[in-house]
Amino acid sequence: MSAEDRDFYTNPGFSVSGFARAARDNILGKASAGGGSTITQQYVKNTLVGADRNVVRKMRELVISSKMARQWSKDDILAAYLNTIYFGRGAYGIAAASKAYFNKPVEELTVEEGAVLASVIQSPSSLDPETNRARLESRWRYVLDGMVSQGQLSKEERSAALFPAVVPSSQLVDANAARGPEGLIRAQVLAELAAAGISEQQLNTEGLQITTTIDPRAQDAALQSVRETMAGEPPELRAAVVSIDPRSGAVRAYYGGSDGAGFDFAQSPLQTGSAFKVFGLAALLKEGKGLQTMFNSAPLTVGQVEITNVGGDGCGTCTIAQALKQSLNTSFYRLTLSMENGSQKIADVAHEAGIPKQIPGVEGESLTQDGGPPENGIVLGQYQSRPIDMASAYATLAASGIYHQPYFVQRVVTADGAVLLDRPAPQGERRLDAAVADNVTQAMLPIAVYSNGHALYGGRPSAAKTGTAQFGDTGMNKDAWMVGYTPSLSTAVWIGTEQSQAIVNQWGGSIYGSGLPSDIWKGTMDGALEGTDFESFPWPQPIGGQSGVPAYSGAAPVTVPAPTRVARGNRRHSRRPRRPRRPRLCRMVHPGRGPGPAGVRAARPAPTAAPAAECGDPAGNRHPASGLTRPGSGSAGSVVGDRKIGTGRGVVGIR
């Protein structure tokens, strides 16, 4: 009574002033309409007339409450109220609440514990001691002070009262809770309902029919792909999968872990590695420079930071499209340096695409260095984003630059047919020029095939990018990603560990984005899209005079001769072709600039205005040079302070 109705034993079952205030607020359309109800009114609302915010419902509540107050004793009304009211934690009634909060029978509750239960009635979802202890304690003090003023508690007892210990929610057994992966979806749905103004009281008392955006086929595909891919792998490995519809933002599949009451890795901020390079490419395109823009891929040192590529990979001086395909750190670091305030422009593009500026678990604004401008390593995935953010940002690229906020709940209807929430067809928001997004997509088209052959079933067109983050200076990895999309589905996959340790597969090898994450990605996408039409991406408008990936990449491929047949007597044998020779080190000579840096492999063909190769050939003819790399090797390195970037001893960074 001290918490909800201090005049309970003297009022006629309703509050005239409270009713007048609620009627006024409903007429004015105020969001805070309601409140001021007596215990009798609350019981009538919860059990008989519902919680609709309108004058007619309030009049019915008033009439029934007045009649009940005349026909029932106050003690009977109070007992009925306490046995049916919702206290949070899935507990209806004072007895269930006593177990949920203190794990004891109601008869054994202390005054302090009883005051906690009385306090949470006002807003069970927002007054749980584990999520909002400060607000609950404030309400708890209000209740105890009211008991003093009513003569139910002495001042001495009040002064000695201490806020009691509460049972951790992790120790509760909720019969309604989903314990498998769907439990994490449930948590997201509940949070979205609360943000939409649908209370936990309504959720638990009005028989709501909630339609989510989850596609059963896509969800089953994600779960099956995780289960099959991770079978036999080290038990400490964890995975997350999020699939989003680029045309609406609807979350179609969601896996944050196997424990529905455990940690949700799909909401965990993690280093993204080379999966972030697409935003660097988008920033370059926004500058008016197309996919034909050339960058040197040789190792470079900036201050005390050394940037290299995995395994010494490179393409000579090649197009940025080719550098994305090979995931070359050095080319993308030079891309960042080529733009004024390049690192900030990359952060801006990523935020525009859908990486939130505020990410739970990330202090301050995301994609910043201690609140200031980001370091150049941003292009290599130095900063943290969540799997759901990456799926959303890539979905913006898939939608030709139109952003849709991710959501889980499509429609909510009460048991009597009243619609509480019905999302219209989302219009989306133009965040990136279509030419920018579509050119990025074209540069990403070859990568799924290039990454250990992860093309979608039947050759369905897809755009994708892998990423790997290093584990300190160990030369091992700690986070591995595959993020990619078709026009109708964007999926992000992450693999790592709970304690941020080196990730290895069952054979003891380091896990890269082109390995297990790509396996899960392909399984999820193939299963989710099975039976649907193949869709093509729109052809982009030109940027810098170039539409899509140029035919000339700047990286000379290795030419492998066809097998030859050699006759030996009456038998014919197939002889394997010889392995191509390693190209000699070449010095690139750029027209008008003189010799470039030495030690660059992969001399390019020499059309007009292209660099010629000086490899000891007096005629200036180039020698064969390989632009091929180990498929799916990704890229290595991140700029973190004054540390070396790449692979090998003393290397710290992101791939």
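Keep in mind it's a predicted model, so treat the numbers as computed, not measured.

*Asks:* Tell me what's going on with the state of the cysteines, and back it up with residues and numbers.
*Replies:* Put plainly, two cysteines are in a disulfide when a covalent bond ties their sulfur atoms together. Tallied over the full model, the rule gives one disulfide. Shown here is the disulfide that connects Cys315 with Cys318, its sulfur atoms set 1.8 Å apart. Between Cys315 and Cys318, the disulfide has an S-S torsion of -70 degrees and is therefore left-handed. In this pair, the class of Cys315 matches that of Cys318, namely buried.

*Asks:* Give me the lowdown on the sheet that holds strand β1 (residues 209-212), citing residues and values where you can.
*Replies:* The strand order β1-β11-β12 describes an open sheet built from three strands, whose pairing is antiparallel. Each end of this open sheet is capped by a strand with a single partner; those strands are β1 and β12 (419-422). Adjacent strand axes in the sheet meet at a mean angle of 10 degrees, parallel and antiparallel pairs treated alike. Note: strand β11 (residues 409-413) against β12, three bridges, orientation antiparallel. Bridge pairing links Arg411 to Asp422 in β12. The strands touched by helix α9 (residues 182-195) within the sheet are β1 and β11, with β11 carrying the most contacts at an inclination of about 65 degrees.

*Asks:* Please provide a residue-by-residue account of the pattern of salt bridges, values included.
*Replies:* A full pass over the atoms with the stated rule returns 16 salt bridges. Residue Lys522 is joined to Asp526 by a salt bridge in which the shortest nitrogen-to-oxygen separation is 2.8 Å. Of the two residues, Lys522 and Asp526 both sit in helix α19 (residues 516-529), four residues apart, roughly one turn of that helix. Given the relative accessible area of 22%, Lys522 is considered partly exposed. Each of Arg133, Glu137 and Arg141 takes part in one network of salt bridges that share partners.

*Asks:* Mind laying out the packing of helix α11 (residues 216-230) against α19, listing which residues take part and the relevant values?
*Replies:* Their axes nearest at 8 Å, the elements α11 and α19 cross at an angle of 150 degrees. The angle between α11 and α19 falls in the class roughly antiparallel. In terms of crossing hand, the pair formed by α11 and α19 is right-handed. Note on element contacts: α19 touches α11 through Leu516, Asp519, Ile520, Gly523, Thr524, Gly527 and Ala528, opposite Arg217, Ala218, Ala221, Ala222, Ser225, Val226, Thr229 and Met230.

*Asks:* Could you give an account of the nonpolar core, naming the residues involved and the relevant values?
*Replies:* Note that soluble globular proteins tend to have their nonpolar side chains buried in a common cluster. Counting 82 residues, the largest nonpolar core has Tyr254, Phe279 and Met390 as its most contacted members. The residues contacting Phe279, other than those within four sequence positions of it, are Ile346, Val349, Ala350, Ala353, Met390, Ala393 and Tyr394. Phe102, Leu127, Leu136 and Leu144 belong to the second largest nonpolar core, which has 26 residues in total.

*Asks:* Give a detailed account of the sheet that holds strand β3 (residues 251-255), specifying residues and quantitative values.
*Replies:* The strands making up a sheet are joined through hydrogen bonds of the backbone, oriented either antiparallel or parallel. Within the open sheet, the five strands sit side by side as β3-β2-β16-β15-β14. Their pairing is antiparallel. With partners counted over all chains shown, the strands left at the sheet margins are β3 and β14 (463-471), one partner each. When the angles between neighbouring strand axes are averaged without regard to direction, this sheet yields 10 degrees. Sheet analysis places strand β15 (residues 476-486) next to strand β16 (residues 489-497), joined by seven bridges and oriented antiparallel. Looking at the pairing, Trp481 lines up with Trp494 of β16. Against the sheet, α11 engages β2 (237-244), β3 and β16, with an angle of about 30 degrees to β3.

Thresholds, definitions, all that
- Residues numbered from 1 in each chain as written.
- Predicted model: local features only at pLDDT ≥ 70, side-chain atom pairs only at ≥ 80, totals over all residues.
- Heavy atoms only, no water.
- Disulfide = S-S within 2.5 Å.
- Buried < 20%, exposed > 50% of the residue type's maximum accessible area, 1.4 Å probe, protein only.
- Pairing = 2+ DSSP bridges.
- Helix = DSSP H or I, 4+ residues; strand = E, 2+ residues; numbered from the N terminus.
- Axes fitted to C-alpha atoms, helices over the stretch in contact; angles between N-to-C directions.
- Contact = heavy atoms within 4.5 Å.
- Salt bridge = Lys/Arg side-chain N within 4 Å of Asp/Glu carboxyl O.
- Parallel < 35°, antiparallel > 145°, perpendicular 65-115°, else oblique.
- Left-handed = near helix turned anticlockwise from the far one by under 90°.
- Core = buried A, V, L, I, M, F, W, Y, C linked by side-chain atoms within 4.5 Å.

None of the figures reported here should be taken as evidence of function without further support.
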